[in-house]
Amino acid sequence: MAGVAVFTYIMAIRMAPLVKAAPDRRFDRIPQRIFNVLKLWLAQYRQPRYKLAGVVHIMIFAGFLILSIRSCSLVVIGISDSFVVPGFGGLLGDVYNILKDYAATMVLVACAIAAYRRGVVKPERYAVPAKYGKDHTAEALFVLGLISTLMISESLFEASSVAANVQQGLHAESLAPASLAWFFKTALLSTSVETLQTIHIATFYIHDLTFFFFLCFLPLGKHFHVITSLFNVFFMRIDRGNIKPVQHGIKDEDLDNLESFGVKKLEDFTWKHILDFYSCADCGRCSDNCPANAVGRPLSPRFISIKGRDLTFKNYPIYPYGSPFKKSENLIGTIYEEDEIWSCTTCGACEQECPIGIEYIDKIVDLRRGMVDDGLVPQSLQKPLRALEKRGNPWGKMEKKRADWTKELPEGVTVKDLAKESADVLYFVDSITSYDDRMQAIGQATATVLSRAGSDFGILGKKEKDSGNEIRRFGEEMLFQTMKEMNTDAILDSGVKHIITADPHAYNALKNDYKGLPPVEHISQFIARNVKSGAIRLKSANGDGKVYTYHDPCYLGRHNDVYEDPRSALDAIGGLKRVEMERCRDRSFCCGGGGLMLFYEPEEEQRMGVVRVEMAAEAGANVIVTACPFCLVNIEDAIKVAGMEGKMEAIDLSELIAQHLQ
């Protein structure tokens, strides 16, 4: 009873910050949420992405699930020694006993492997930089010791009883051959009944005391995920590519009435995001896949969670009893640093990798909203943001020049101006393709592909504004709302029935951030669909010895699951040799140049684009194909920085397809 009471008290304290946190709507789409629990929590779907660690975790997790019934029954057996879990008295009980004996053995072996990895191998992703304090190896080994104690004590409890019954000629339950309990029974057969009784009683108390100590210990550190992970997966975000509203329950048109924007103190986070803090297992997978962390920027997603959890524990202490909860202070400058939060490219690699659905992008965007609200905007970003507000593009160029790229179209290709003519399809160009001299070639190639496929299309011209994908993700919510409103009005007024864009950032914004628009399609999807239908026919590659590799843009791949269409478009070019980089599809490595990141000047040891170019070279490619103008800018620049001009080149998918049109 004491263990139950202490656990209840601790959990009540841990619930306090969730109750005080900002609202979050997570009770929708229940069937999908249940499916996520079955897939990610029960089936441990993402764990094997790190093979050895994943398999070991699955072994411990599966063993825990199986043995939870036994551990709970042992608590009741202490009160009534004849207790049997309802339904487990017959054949099912015999089968379960065999299963749990092997489960205990499996868990003990897994704990030994995990302890060796933690204490001896020490994978780099578990390391903790000095500025963040000490690592959690000691806690991990301690917990593995507690789990091992539970397995050994339960097996000894069972084995001593069976050995005593065998000695006395009584009916003895069968133990699973070669299991831990079976080995203990074999070793104890020559032990006196009195000693066996002592072992039996002692191991019962050891097991139960360890069980309740472990239960109360879990909410005190990183192993809280044992309790919270199920709920965290159930409430995890279902849609990707979108950003949470500034505040749930507040309509966009009412944002002006808010006194404060974003997250500035702990309670400004939503209850789900504090649950994320509780659920972080400190496995380091997020940071291991974070491109910002890989190139030495001052960001490690793992510590966004760990520092958030430490602050929550500090502000809501469980002892001494009755101590007042501490007043929250500003997070920026105390818990999180400005450069740390601005370093994120919102590529989504961290969220894709997390086995239990921890979210980072919304937290970082909310922290940026708070900084923007307080005027804490990096100097290099202030000019493009002002230009966006004034001219609708980050370069501050004249609106009337937005369609200048159409002046050099191939013969026979025409682009309608939807301010003067009507069309079925809108080609949404977005800012970088409209104004950057090199990227204008993507616009011309895209128009060529659309024209040759027989599409009736046009552009908004000077009525088009920046899609606002990065504006929103950099925390300038009101400016994003302005861009969205103007673009929405222009698109709906044009009367188009379909939207196509060659920019994944525009694709993501129009598809996931805007409402009430016609269907949106990326040019790679259009190409794949029309190649399949025969509307687009491609000639073969010229056999010049080039080896191509496709780089998955973050906002096309991870955020919108468009992986196969660009590849099928490439493979439709006969004779084209294509290889895959080791990091591809949902593990693609961010180029580092998305949107306003082109203007940001972070502290870093190496450019992300250079790392990506080196990956392409390691794969044996000499041509990098991407389907994003931002990626093309960064990768072409990275080729120069890496000194690989003449050895490596980059090209956009639209350009490559346009070159091979029959």
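Structure first, text after, so check above.
Keep in mind it's a predicted model, so treat the numbers as computed, not measured.

### Quick notes on the side chain of S494
Among the secondary structure elements, S494 is positioned in helix α20 (residues 477-494). Here S494 falls in the buried class, since its relative accessible area comes to 11%. Here the side chain of S494 touches I491 through a polar contact of 2.5 Å, landing on its backbone oxygen. Residues within four places of S494 in sequence aside, it is in contact with L418 and L460.

### Describing empty space enclosed by the protein
Considering all chains together, one arrives at four cavities of 30 Å³ or more under this definition. When its volume is computed, the largest cavity comes out at roughly 160 Å³. Broken down by secondary-structure element, the contributors of at least two residues to the lining of the largest cavity are α19 (469-473), α21 (504-513) and α25 (629-641). Partitioned by chemical class, the residues of the lining of the largest cavity number eleven nonpolar, six polar and three charged.

### A short note on the sheet that holds strand β8 (residues 623-626)
Read across the sheet, four strands follow the order β7-β6-β8-β9 without closing on themselves; strand pairing throughout is parallel. At either margin of the open sheet sits one strand with a lone partner, and together these are β7 (577-579) and β9 (649-652). The sheet shows a mean angle of 35° between the axes of neighbouring strands, taken without regard to direction. Bridge count for strand β6 (residues 547-550) against β8 is three bridges, and the pairing is parallel. Residue pairing across strands places Y548 opposite V623, the latter belonging to β8.

### Focus: helix α15 (residues 361-373)
Look at α15: 18 Å from first C-alpha to last across 13 residues, which is about the 18 Å you get at 1.5 Å a residue. Within α15, twelve of the 13 residues are buried, which leaves the element mostly enclosed by the surrounding structure. Regarding α15, the residues found buried are I361, D362, K363, I364, V365, D366, L367, R368, R369, G370, M371 and V372. Contact partners of the buried residues in α15: α9 (271-279), α13 (338-342), α14 (349-353), α19 and α20. Phi for G375, located one or two positions after α15, is positive at around 80°.

Definitions and cut-offs
Residues numbered from 1 in each chain as written. Predicted model: local features only at pLDDT ≥ 70, side-chain atom pairs only at ≥ 80, totals over all residues. Heavy atoms only, no water. Helix = DSSP H or I, 4+ residues; strand = E, 2+ residues; numbered from the N terminus. Buried < 20%, exposed > 50% of the residue type's maximum accessible area, 1.4 Å probe, protein only. Polar contact = N/O pair within 3.5 Å; in protein donor to acceptor, adjacent residues only side chain to side chain. Contact = heavy atoms within 4.5 Å. 1 Å grid on protein atoms, 1.4 Å probe; cavity = no way out; pocket = protein on both sides within 12 Å on 5 of 7 lines; lining within 4 Å. Points joined across faces, edges and corners; volume = space filled by probe spheres on them. Nonpolar A, V, L, I, M, F, W, Y, C, P; charged D, E, K, R; others polar. Pairing = 2+ DSSP bridges. Axes fitted to C-alpha atoms, helices over the stretch in contact; angles between N-to-C directions. Expected span 1.5 Å × (residues − 1).

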